[in-house]
Amino acid sequence: MGKVIYGKKEALKIRKNIRDKIEKMSASRPPGLEVLIAGEDPASVYYAGLIKRAGTKEGISVNIKQFKELGTEEFITYIRALNRDDKVDGILIQLPLPENIDGEDIFDILSPQKDVDGQTPLNQGRLITGRKGIFPPTALGVIKLLESNGITIEGRNAVVVGRSATAGIPAAKMLLDRNATVTVCHSKSRPLEPYTAAADILVVAAGRPEMVGPAHVKKGAVVIDVGTNEVDGNMVGDVEIERVLEKASVSPVIGGVGALTLACLFENIFEIYKKHINSISA
Ligand code: NAP
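Residues numbered from 1 in each chain as written. Predicted model: local features only at pLDDT ≥ 70, side-chain atom pairs only at ≥ 80, totals over all residues. Heavy atoms only, no water.

Asker: Tell me what's going on with the overall build of the protein, and back it up with residues and numbers.
Answerer: For the protein, the count of helices and strands is 10 helices and 10 strands. In terms of overall size, the protein behaves like a compact globule, its C-alpha atoms giving a radius of gyration of 19 Å where 282 residues would be expected to give roughly 19 Å. Along the three orthogonal principal directions, the C-alpha set of the protein runs to about 55 × 45 × 40 Å. Burial analysis of the protein (282 residues in total) assigns 49% to the buried set. When the accessible surface of the protein is split by element, carbon and sulfur atoms take 51% of a total near 13800 Å². Across the protein, the centroid of the 36 positively charged side chains sits 7 Å from that of the 35 negatively charged ones. (Helix = DSSP H or I, 4+ residues; strand = E, 2+ residues; numbered from the N terminus. Rg over C-alpha atoms; globule rule 2.2 N^0.38 Å. Buried < 20%, exposed > 50% of the residue type's maximum accessible area, 1.4 Å probe, protein only. Areas by Shrake-Rupley, 256 points an atom, 1.4 Å probe, with all protein chains shown as cover. Lys, Arg positive; Asp, Glu negative; His and termini not counted. Charge placed at Lys NZ, Arg CZ, Asp CG, Glu CD.)

So this is what it looks like as structure tokens:
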């Protein structure tokens, strides 16, 4: 029988630390985060609300702007204005973008210094080349979840299911940087079980409800469930948690990676804010 791997306690610790640091800086304004939603994706609207409620508690000023109908050019014009706005430290562009908006164009013009989600080519390149930068909070959350639970990464066989730029690829690179041997699987990795069942650490970020069952998992493995899927009004992960727990340790869909993703987003905002405030007062 495995353990449930929680992230909530560590997330609250990180958030308290950020709140204390913001208070201690006693700057003329709080950290400013703009959350942009293009279109009407319900998960994006929900997540933006969550960020605003949690951010406000920690002393971060969060402004949500939703554009129900707008094209790439107007979106770019809006982002350019935010890039220049001194009161805005971080800009979070919610994904997925609607089909009429060109994501590549958007992330090409977003200021890498305000790219709180680590999605600009510069920050992604910095991650891949092993330099300092602003990196995707979800992937940082996966690493924090492992490390805060005392799970050794070095020398382990890690398998990541999913290769998105926000979750799978950055998580794989961060595991590699910590000396795991990493395999990345995707929708064409067929059959999936031989890959996943070889993992000491299995990270699942596919967005497919309960796609990973006991047959996908090695006895004694650690399974990090990144997936969040709404099924009949309930939030379920990519892992069949109850059955997989009989042979491995698993993170829950609530109080697992998600809690740390939010905390890592706030850490990213705080780091940008600190640089920004220090550059103004220098
Ligand atoms: P995404 O952009 O849709 O990417 C999904 C990835 O999973 C793709 O690489 C896809 O492969 C792969 N995949 C899909 N079905 C598969 C299958 N049956 N077998 C193997 N691989 C499969 O999604 P995402 O943005 O990375 O998000 C993934 C999940 O994590 C979603 O449920 C999302 O809501 C959740 N999420 C949670 C957090 C959190 O903090 N907990 C944060 C971000 C995202 P291809 O590349 O071949 O299409």
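Asker: Lay out the side chain of Ser44 with the relevant residues and their values.
Answerer: Structurally, the position occupied by Ser44 is in helix α2 (residues 42-57). By relative accessible area, Ser44 is classed as buried at 3%. Setting aside anything within four residues of it in sequence, one finds Ser44 in contact with Ile37, Gln94, Leu95 and Pro96. (Contact = heavy atoms within 4.5 Å.)

Asker: Go over a negative patch on the surface, please, and point to the residues and values.
Answerer: On the surface, Glu73, Glu74, Asp102, Glu104, Asp105 and Asp108 cluster together into a patch of negative charge. Among the elements of the structure, α3 (72-84) and α4 (103-109) are those that each provide at least two residues to the negative patch. Per-element accounting of the negative patch gives the leading share, three residues, to α4. Residue placement: Glu73 occurs in helix α3. Residue Glu73 is classed as exposed on the basis of its relative accessible area of 58%. (Patch = residues over 30% accessible without salt bridge, like charges linked within 9 Å, V, L, I, M, F, W, Y side chains within 5 Å. Salt bridge = Lys/Arg side-chain N within 4 Å of Asp/Glu carboxyl O.)

Asker: Quick one: what's the story with the layout of surface pockets, residue by residue and with numbers?
Answerer: A volume near 1600 Å³ is recorded for the largest pocket. Taken together, 44 residues form the lining of the largest pocket, with Ala43, Tyr47, Val226, Thr228 and Thr261 sitting closest to its centre. The set of elements that each furnish at least two residues to the lining of the largest pocket consists of α1 (8-25), α2, β3 (90-93), α6 (137-148), β8 (229-231), β9 (234-236) and α10 (257-281). The residue makeup of the lining of the largest pocket, split by class, is 24 nonpolar, 14 polar and six charged. Two domains share the lining of the largest pocket, each providing at least three of its residues, namely domain 1 (28-111) and domain 2 (137-259). Approximately 590 Å³ is the volume found for the second largest pocket. Together, 20 residues line the second largest pocket, and Gly133, Ile134, Glu271, Ile272 and Lys275 are the ones closest to its centre. Within the residue set of the lining of the second largest pocket, elements represented by two or more residues are α5 (121-128), α6 and α10. (1 Å grid on protein atoms, 1.4 Å probe; cavity = no way out; pocket = protein on both sides within 12 Å on 5 of 7 lines; lining within 4 Å. Points joined across faces, edges and corners; volume = space filled by probe spheres on them. Nonpolar A, V, L, I, M, F, W, Y, C, P; charged D, E, K, R; others polar. Domains from an automatic or database assignment.)

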